[in-house]
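For reference, the chains in residue letters:
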Amino acid sequence: MVLLFSLIGGIVLLLVYLKPFRPSISINRNPELNVLLITLDTTRADRLSCYGYTRARTPRLDELASLGIRFANAYSPVPLTLPAHTSIMTGLYPFAHGVRNNGFYYLQPEFKTLAEILKERGLTTAAFVSSFTVDSRFGLDQGFELYDDNFQPEKVIKNFASERRAEAVFEAFQKWLKNYQGEHFFCWVHFFDPHLPYDPPSPFKEELAGRPYDGEIAYMDHYVGRVIDELREKGLAKNTLVVIVGDHGEALGQKNEVDHGLFIYDLTLRVPFIMVAPGVLPSGRVVETRVQLVDIFPTICDLLGIRVEDSQIPLAGRSLLPSISGRRTKDPDVYIESYQPREYYGWSELVGLISGDWKYIQAPHPELYNSKED
């Protein structure tokens, strides 16, 4: 019997010894980094080539994914533009920052934004946005020295339909960067194009005929590339952290939803998320661990060596550097919600939780899904 237990113990030790060793990946924090945040409005992760969609035409985003980190399972807490961007900028869930829908909420000044944190550290801050949903009147301009929300200069009054194409956003960014003389910057560029109505300009309209949503994403991809080209031409790309992320997805008629905002299925909550920082982050790495938009704030601060201490409300997100380096593999729980059904239609709001393999949606008829099986 003693011999048997000794044999079993030896086998166990051998298996442990033979288990593949996975060394952690080195990450080099750098307080001198510039930060470029590019948000892709209404962009489903599964409509990019680097996320497996073979019909996509997204060469510039695919290139960036190959040069940095691609997060395979990134979630927005809410399928609406203003609340989602507010979560990015504050590191908080909607129930904490208080912005729960488009058009009727305002980020209160007591919440400290990422732009304010970086401005305090001496970074020049600028934003170029493309839709009324993130107009400065809703509070996301906090901390930005320049907040360019001049969507349609020829019109005196803005409304909910006010927006501008990627080309116009790029031109505003290009003009600013050409005259930029500061040492370090935090810049936010927001592209709204894949939002309804889908109307890509030529040649994308013709080249992707019958697939206007894909055409809008291809058009946006082109101008993401133009933004990166400007950084490279000015010699800034080698010292810039580029964060590219969708704010929410698009249902495209699936699950009985035309666009987004009504339901909280993965169709409208899973987003693309890519990070690139030459010499700081590894290249060509895919992180399978579940991540969230609220993780962006603490991750950027961690990479810049900034210790963030919020005296009022702790950040909901966490730095993703342990996940990138391979030291963390456990999926966090993810809170999700949409108050649009209640506020627009008088129905019930939807709130939910993703935990492990399970997703629960609290509704008049509650829904529980196992993601491995459904």
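Look above for the structure.
Residues numbered from 1 in each chain as written. Predicted model: local features only at pLDDT ≥ 70, side-chain atom pairs only at ≥ 80, totals over all residues. Heavy atoms only, no water.

Caption draft 1: Structural context of the overall build of the protein. Scanning the protein from N- to C-terminus turns up twelve helices and 15 strands. Relative to a compact globule of 374 residues, whose C-alpha radius of gyration would be 21 Å, the protein shows 22 Å and is just as compact. Relative to its 374 residues, the protein shows a buried fraction of 56%. Considering only intrachain contacts with a sequence separation of at least 6, the fraction spanning at least 24 residues in the protein is 68%. Taken as a whole, the protein presents about 17000 Å² of accessible surface, with 54% of it coming from carbon and sulfur. Mean positive and mean negative side-chain charge positions of the protein (38 and 47 charges, respectively) differ by 5 Å. (Helix = DSSP H or I, 4+ residues; strand = E, 2+ residues; numbered from the N terminus. Rg over C-alpha atoms; globule rule 2.2 N^0.38 Å. Buried < 20%, exposed > 50% of the residue type's maximum accessible area, 1.4 Å probe, protein only. Contact = heavy atoms within 4.5 Å. Areas by Shrake-Rupley, 256 points an atom, 1.4 Å probe, with all protein chains shown as cover. Lys, Arg positive; Asp, Glu negative; His and termini not counted. Charge placed at Lys NZ, Arg CZ, Asp CG, Glu CD.)

Caption draft 2: Broad picture of the nonpolar core. Phe191, Phe273 and Leu281 are the most contacted members of the largest nonpolar core, which has 98 residues in total. Take this core: its biggest share by element is ten residues, from helix 8 (residues 212-233). Setting aside chain neighbours within four positions, we find phenylalanine 273 in contact with Tyr51, Ile69, Arg70, Phe71, Ala74, Val243, Ile244, Val245, Val291, Ile296 and Leu320. Formed by eleven residues, the second largest nonpolar core is a distinct cluster that contains Tyr265, Ile336, Leu350 and Ala363. (Core = buried A, V, L, I, M, F, W, Y, C linked by side-chain atoms within 4.5 Å.)

Caption draft 3: Summary view of the pattern of salt bridges. One pass over the structure, following the stated rule, counts 18 salt bridges. Between arginine 164 and aspartate 148 there is a salt bridge, and its shortest N-O distance comes to 3.1 Å. A residue pair is termed long-range when its members are at least 10 positions apart, and arginine 164 in the loop between strand 5 (146-148) and helix 6 (166-179) and aspartate 148 in strand 5 qualify at 16 residues. The two residues arginine 164 and aspartate 148 agree in class, both being buried. Overlapping salt bridges bring together Arg60, Glu63, Asp229 and Arg232 as one network. (Salt bridge = Lys/Arg side-chain N within 4 Å of Asp/Glu carboxyl O.)

Caption draft 4: Inspection of the packing of helix 6 against helix 8 at higher detail. For the pair helix 6 and helix 8, the least separation of the axes is 10 Å and the interaxial angle reads 5°. Between helix 6 and helix 8, the angle falls in the class roughly parallel. Between helix 6, through Ala166, Glu167, Phe170, Phe173, Gln174 and Leu177, and helix 8, the contact on the second element is made entirely by Tyr219, Tyr223, Arg226, Val227, Glu230 and Leu231. Partitioning the contact of helix 6 with helix 8 into residue classes produces eight nonpolar, one polar and three charged. (Axes fitted to C-alpha atoms, helices over the stretch in contact; angles between N-to-C directions. Parallel < 35°, antiparallel > 145°, perpendicular 65-115°, else oblique. Nonpolar A, V, L, I, M, F, W, Y, C, P; charged D, E, K, R; others polar.)

Caption draft 5: Up close: the pairing of strand 7 (residues 240-246). Along strand 7, seven of the seven residues are buried, which leaves the element largely enclosed by surrounding structure. Of the two faces of strand 7, the one carrying Thr240, Val242, Ile244 and Gly246 and the one carrying Leu241, Val243 and Val245 are both buried. Where strand 1 (residues 34-40) meets strand 7, seven bridges bridge the pair, whose relative direction is parallel. By the bridge assignment, leucine 36 is partnered in strand 7 with valine 242. Across four bridges, the pairing between strand 7 and strand 9 (residues 273-276) is antiparallel. Bridging across to strand 9, isoleucine 244 finds its partner in isoleucine 274. (Pairing = 2+ DSSP bridges.)

Caption draft 6: Structural detail: the packing of aromatic side chains. Under the definition given, this model contains 24 aromatic pairs. The interplanar angle of 90° and the centroid separation of 6.1 Å between the aromatic rings of phenylalanine 128 and phenylalanine 173 together place this pair among those described as edge-to-face. Of this pair, phenylalanine 128 sits in strand 4 (residues 124-128) while phenylalanine 173 sits in helix 6, placing them 45 residues apart in sequence. Across the pair, phenylalanine 173 and phenylalanine 128 agree in class, each one buried. Ring centres of tyrosine 180 and phenylalanine 185 lie 5.4 Å apart, and the angle between their planes is 85°; on these two criteria the pair is classed as edge-to-face. Cluster of aromatic residues (ring-pair linked, three or more members): Phe128, Phe173, Trp176, Tyr180 and Phe185. In this structure, arginine 100 packs its charged tip against the face of tyrosine 339, placed 4.0 Å from the ring centre. A cation sits over an aromatic face here: lysine 255 above tyrosine 265, 4.7 Å from the ring centre. (Phe/Tyr/Trp six-rings, centres within 6.5 Å; stacked < 30°, edge-to-face > 60°. Lys NZ or Arg CZ within 6 Å of the ring centre and 35° of its normal.)

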